[in-house]
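# Examination of the molecular architecture
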Amino acid sequence: MVNVDAMKVGDGGKARESASNDAPVLHVGTPNVGDREIFLQYVNQMLDRGWLTNNGPLVQLFEQRVADYVGVKHCVAACNGTVALEIAIRAMGLTGEVILPSYTFVATAHAVQIQNLTPVFADIDPATHQIDPESVARCISPSTSAIIGVHLWGQASPVQPLQALAAQHGLQLLFDAAHAFGCSTGGKMIGQFGRAEVFSFHATKFFNSFEGGALVTNDDTLAESARLMRNFGFSGVDQVAQLGTNGKMVEICAAMGLTNLASVDRFVAVNRRNYLAYRDALAGVAGIRLYPYNEAERTNYQYIVIEVGPDSVATRDEIVDSLRAANVLARRYFWPGCHRMQPYVELYPEAGRQLPNTEMVAARVVVLPTGLSVTVADVEAIAQRIRRLAAGIA
Ligand code: T4K
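None of these values were measured; they are calculated from a predicted model. (Residues numbered from 1 in each chain as written. Predicted model: local features only at pLDDT ≥ 70, side-chain atom pairs only at ≥ 80, totals over all residues. Heavy atoms only, no water.)

## As for the sheet that holds strand 3 (residues 97-101)
Condition: Any two strands are treated as partners once DSSP identifies two or more bridges connecting them. Working definition: helices are DSSP H or I runs of at least four residues, strands are E runs of at least two. Numbering for both runs from the N terminus. Every angle, taken between N-to-C directions, lies between 0 and 180 degrees, and every axis is a line fitted to C-alpha atoms, over only the stretch in contact when it is a helix.
With respect to topology, seven strands assemble into an open sheet ordered 2-10-9-6-5-3-4, the strand pairing being mixed. In this open sheet, the two edge strands, each paired with only one partner strand, are strand 2 (74-78) and strand 4 (118-122). On average, adjacent strands in this sheet sit at an angle of 25° to one another, irrespective of strand direction. Bridge count between strand 3 and strand 4: five bridges; the pairing is parallel.

## Let's talk about the pattern of salt bridges
Pairing is possible between side chains that carry opposite charge, provided their charged atoms lie close to one another. Filter applied, for reference: A carboxyl oxygen of Asp or Glu within 4 Å of a side-chain nitrogen of Lys or Arg is what we treat as a salt bridge. Exposure is judged per residue with a 1.4 Å probe applied to protein chains only, and the accessible area is read against the type maximum: over 50% gives exposed, under 20% gives buried, and values in between give partly exposed.
Under the counting rule described, the total for this entry stands at 10 salt bridges. Glu350 is paired through a salt bridge with Arg353; the nearest N and O atoms lie 2.2 Å apart. Residue classification places Arg353 among the exposed positions, given a relative accessible area of 65%. Put simply, Glu63, Arg227 and Arg230 are held in one network by salt bridges that share partners.

## Looking at the site of the ligand
Here is the rule we go by: Here a residue is considered near a molecule or strand provided that any single heavy atom belonging to it is located within 4 Å of it. Identification of polar contacts relies on pairs of N or O atoms within 3.5 Å, with a donor-acceptor requirement for protein atoms, meaning one able to donate a hydrogen and the other able to accept it, and with residues adjacent in sequence counted only if both atoms are side-chain atoms. Per-residue and other accessible areas follow the Shrake-Rupley method at a 1.4 Å probe size, with only the shown protein chains counted as cover for residues. For this classification, the nonpolar set comprises Ala, Val, Leu, Ile, Met, Phe, Trp, Tyr, Cys and Pro, the charged set comprises Asp, Glu, Lys and Arg, and every other residue, Gly included, is treated as polar. Residue ranges labeled as domains rest on an automatic or database domain assignment.
Every one of the 26 residues lining the ligand counts as a neighbour, but Thr82, Asp176, Ser200, Lys205 and Tyr333 are closest to it. Between Val28 and the ligand, the recorded distance is 2.9 Å, taken from a backbone N or O atom to an oxygen atom. His202 is positioned with one of its side-chain polar atoms (N or O) 3.3 Å from an oxygen atom of the ligand. In isolation the ligand has 930 Å² of accessible area, and contact with the protein removes 82% of it. Its residues assigned to classes, the shell around the ligand shows eight nonpolar, 13 polar and five charged. No fewer than three residues from each of domain 1 (26-30 + 263-330 + 369-391) and domain 2 (36-261) sit in the shell around the ligand.

## Here we look at the domain arrangement of the protein chain
Spelled out, the test is: We call two residues in contact when some of their heavy atoms are within 4.5 Å. Summed over both partners, the accessible area lost on bringing two parts together, with a 1.4 Å probe, is the buried area.
Per the domain assignment, the segments of the protein chain are domain 1 (26-30 + 263-330 + 369-391) and domain 2 (36-261). For domain 1 versus domain 2, the separation of C-alpha centres amounts to 28 Å. At the junction of the two partners, domain 1 supplies 19 residues and domain 2 supplies 28 residues. Summed over both partners, the interface of domain 1 with domain 2 comes to about 1900 Å²; 49% of that surface belongs to carbon and sulfur atoms. On the domain 1 side of the interface with domain 2, the three residues burying the most area are Tyr291, Arg298 and Tyr303, jointly 33% of the side's total. For the pair domain 1 and domain 2, the interface holds zero salt bridges. In this assembly, domain 1 and domain 2 are joined by 18 residue pairs in polar contact (both at pLDDT 80 or more). Secondary-structure elements contributing two or more residues to the side of domain 1 that touches domain 2 are helix 9 (264-281) and strand 14 (304-308). Of all the elements, helix 9 adds the most residues to the side of domain 1 that touches domain 2, at four residues. Taken together, the residues of the side of domain 1 that touches domain 2 sort by class into eight nonpolar, seven polar and four charged.

## Quick word on empty space enclosed by the protein
Note the following rule: Using only the protein atoms, space was sampled on a 1 Å grid; points where a 1.4 Å probe fits but cannot get out form cavities, open sets with protein on both sides within 12 Å along at least five of seven lines form pockets, and lining residues are those with an atom within 4 Å of a point. Grid points are joined across faces, edges and corners, and a volume is the space filled by probe spheres set on the points.
Per the counting criterion, the structure on display carries two cavities of 30 Å³ or more. Approximately 40 Å³ is the volume attributed to the largest cavity. Surrounding the largest cavity, Ala178, His179, Phe181, Ser200, Lys205, Phe206, Phe207, Asn300, Gln302 and Tyr303 form its lining. For the lining of the largest cavity, the per-class residue count stands at five nonpolar, four polar and one charged. Counting only domains with at least three residues in the lining of the largest cavity, you end up with domain 1 (26-30 + 263-330 + 369-391) and domain 2 (36-261). Roughly 30 Å³ of volume is contained in the second largest cavity. Residue lining of the second largest cavity: Val76, Ala77, Ala78, Ala84, Ile87, Leu215 and Arg230, and that is the complete set. Among the elements of the structure, strand 2 and helix 3 (81-91) are those that each provide at least two residues to the lining of the second largest cavity. No other element matches strand 2, which puts three residues into the lining of the second largest cavity.

The structure is reproduced here in structure tokens:
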């Protein structure tokens with residue numbers, strides 16, 4: 001048998017972060033996995049059935065359960081969140097310029113650019129890290145067709161001001177809700193806003209299906225078009241009704257999704273416990289701000305985000321390096337901002353001038369580990385290291 005544990009993990013195509021000593025490694029993004037027995041039952045049924053992909057029964061059940069959970073009419077599951085975003089953008093018929101934040105995972109921008117549309121980067125509110133509607137308003141031009149709001153860190157972007165802007169200027173509104181499964185705003189589940197919203201169920205997300213994503217919407221026409229587009233445009237045997245791609249979710253991913261959906265309350269409870277432990281342990285540390293969750297809403301507490309400000313003796317990067325030396329693989333999400341990545345930095349070299357808050361926040365943020373693999377003792381040890389570094393205690 002091949003010993004895969006001895007193999008180097010990762011895609012091999014990019015420089016990976018790795019542990020530096022033999023202490024247990026704590027990653028940002030370690031997957032939450034529900035009941036293995038339930039998962040294996042789904043997998044055995046799938047193998048017995050001999051139906052592995054192409055809109056199988058597990059995908060259909062998964063879509064129904066996600067739609068019910070979110071409170072929408074349609075869930076169109078996809079192979080990942082990026083492809084679901086691409087399908088949403090295409091099915092919505094977006095053209096010209098699309099406004100989105102630069103402070104997001106690069107997939108949001110890529111999903112626009114890869115369709116030869118022009119991403120126009122709006123700035124963020126430095127307090128919430130969410131897209132700033134006033135900056136969005138300044139980005140609107142006669143070529144703008146849509147706004148993509150990103151619900152960052154399991155909190156809502158400013159849905160109502162974005163809705164108002166979209167209505168006032170005749171723009172479409174799409175939300176990248178990759179971080180916000182299981183979250184609400186104004187008591188309504190995220191997934192119910194805009195013309196559509198897109199989730200990611202990647203392994204690193206609070207709720208995962210290995211890889212996966214979904215477009216959710218109450219718009220019948222859009223859902224139908226997205227379904228066709230996900231499956232090469234096939235509307236029946238040998239009948240192709242429109243342009244399409246292969247964006248299908250496979251059955252084993254739906255099995256994982258169904259398994260984890262049954263455990264989301266436990267995932268939330270553990271994440272909340274860890275968040276409160278971080279909050280207590282980092283309270284009053286000069287130069288360190290823990291990004292706060294709004295406890296009045298439902299949230300997944302998946303992102304433990306700190307900002308390292310000028311009052312900290314150690315810089316943001318010194319803190320990341322020191323944590324890494326202790327095998328705590330913290331991340332600088334979303335450094336340096338999409339506008340400083342290729343191809344955007346070359347295509348739109350002036351974009352950064354309009355993004356002072358994005359530049360400041362991207363230079364300050366560190367995301368810390370949480371999830372089922374992280375204990376309160378881990379949190380306290382991580383926080384103690386940060387406290388000492390921020391105070392300049394070696
Ligand atoms: N929009 C937003 C706002 C997003 O954040 C994302 C994805 C998308 C759209 C696109 O959705 P997808 O197409 O991905 O469904 C990771 C994820 O790959 C990506 O899904 C996620 N956002 C992004 C924020 O993070 P990387 O490049 O940081 O991944 P990587 O391989 O460095 O892993 C992150 C950490 O997770 C590491 O510390 C190791 C740990 N890990 C990872 C995997 C895959 C594990 O412990 N186990 C695992 O199986 O992008």
